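Structural overview
These are the residues of each chain, in order.
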Amino acid sequence: MPDKLMTMREAIATYVEDGMTVALEGFSHLIPFAAAHEIIRQGRRDLTLCRMTPDIISDQLIAADCVSKLVASFFASGSAGSLYEIRRRIENHDPVALEVEEYSHYGMVCRYQAGAAGLPFFPLRSYAGSDLPKINPNIRLVDDPFGGGSVYVVPPLNPDVTIIHAQRADRSGNVQIWGIAGVQQEAVYAAKKAIVVVEEIVDDDVIRSDPSRTLVPSHAVDAVVLCPRGAHPSYAQGYYDRDCAFYRRWTAISKDPQQLRTWLKEWVLTTGDHAEYLEKLGEEYWADLEVAPRPSGTVDYGSRK
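Let us look at the structure shown here. Everything numeric here is computed off the predicted structure, so don't read it as measured data.

We now examine the nonpolar core. If you look at the biggest cluster of nonpolar residues, it comprises 72 residues, and the most contacted ones within it are Val16, Leu61, Ile163 and Ile195. If one sorts the elements of this core by residue count, helix α2 (residues 33-41) sits on top with six residues. Once residues lying within four places of it in the same chain are set aside, the contact partners of Ile195 are Ala11, Ile12, Tyr15, Val16, Val161, Thr162, Ile163, Ile164, Ala223 and Val225. Residues Ala23, Met52, Tyr112 and Ala187 belong to the second largest nonpolar core, which totals 21 residues.

In this section: the pattern of salt bridges. One pass over the structure, following the stated rule, counts 19 salt bridges. Here Lys134 ties to Asp131 by a salt bridge, and the two come within 3.3 Å at their closest N and O atoms. Both residues of the pair, Lys134 and Asp131, belong to the exposed class. One network of salt bridges, in which partners are shared, links Asp65, Glu85, Arg88, Arg89 and Arg261.

Close contact between α2 and helix α10 (residues 257-269) brings their axes to 10 Å; oriented N to C, the two are set at 105°. It follows from the interaxial angle that α2 and α10 lie roughly perpendicular. Across the interface between the two elements, His37, Ile40 and Arg41 of α2 pack against Trp263, Leu264, Trp267, Val268 and Leu269 of α10. Partitioning the contact of α2 with α10 into residue classes produces six nonpolar, one polar and one charged.

The rules behind the values
Residues numbered from 1 in each chain as written. Predicted model: local features only at pLDDT ≥ 70, side-chain atom pairs only at ≥ 80, totals over all residues. Heavy atoms only, no water. Core = buried A, V, L, I, M, F, W, Y, C linked by side-chain atoms within 4.5 Å. Buried < 20%, exposed > 50% of the residue type's maximum accessible area, 1.4 Å probe, protein only. Helix = DSSP H or I, 4+ residues; strand = E, 2+ residues; numbered from the N terminus. Contact = heavy atoms within 4.5 Å. Salt bridge = Lys/Arg side-chain N within 4 Å of Asp/Glu carboxyl O. Axes fitted to C-alpha atoms, helices over the stretch in contact; angles between N-to-C directions. Parallel < 35°, antiparallel > 145°, perpendicular 65-115°, else oblique. Nonpolar A, V, L, I, M, F, W, Y, C, P; charged D, E, K, R; others polar.

In structure tokens, the structure reads:
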């Protein structure tokens, strides 16, 4: 099978172009922050960002002027506070307006499912009683052809490229994920191209030893990027914990536009890659984020020593 291993710089330069629709997925953990930072470094513009939960990663990309439209649901920084760059652009058009296409969490899942399956739409009942159909004309009420009344439907979502983070993969792109699976699998299959960023590259026999963890097989993957700790400040189940202190700090950072842009310059634009970002954090920073081996970790399966 072909070797799909690329550097982060190569993968973003190859597959992410100005004006594209880009999905960055990962739910609670495995959020592809390192990939987003490389998009910022390479100065991509006019992207449509698709994300089931537009948290800090969205705030950063939007503040860096990479994104002109956001397709998403649940606008919040996890449990840590508000996203003030997004709020400024939506509420006050400051410094410019941000186009938003809003769905529920499940509505986004259904869009990815429709996109992955090649369906023209996906039905769901959870919009009954909701105001979302009033503000989003893409949420439509149709008659059930089998006589069951009416049902809401959402259109398919087919990103130009989907980027996800995962625990491990082999060099040909068989990707294993455990913990909260989110919508990564559907988002990859819905996309025209897919980049997968992983904590470690393992041999084929490790993948074969536990095939139920292979949520994304190699035929759906265009590039594999090795980037340890690339989900920080989110977490990677079995590798490191969520940096809750940073999530709390982000509220104050994003509330001040100048402070936010200073942070982007210091931590993203003037670091050459994620390795420099990690070096700037320092190894001692990870003392509180390290995790002990657990049954869901990789140590029991022979891939880590």
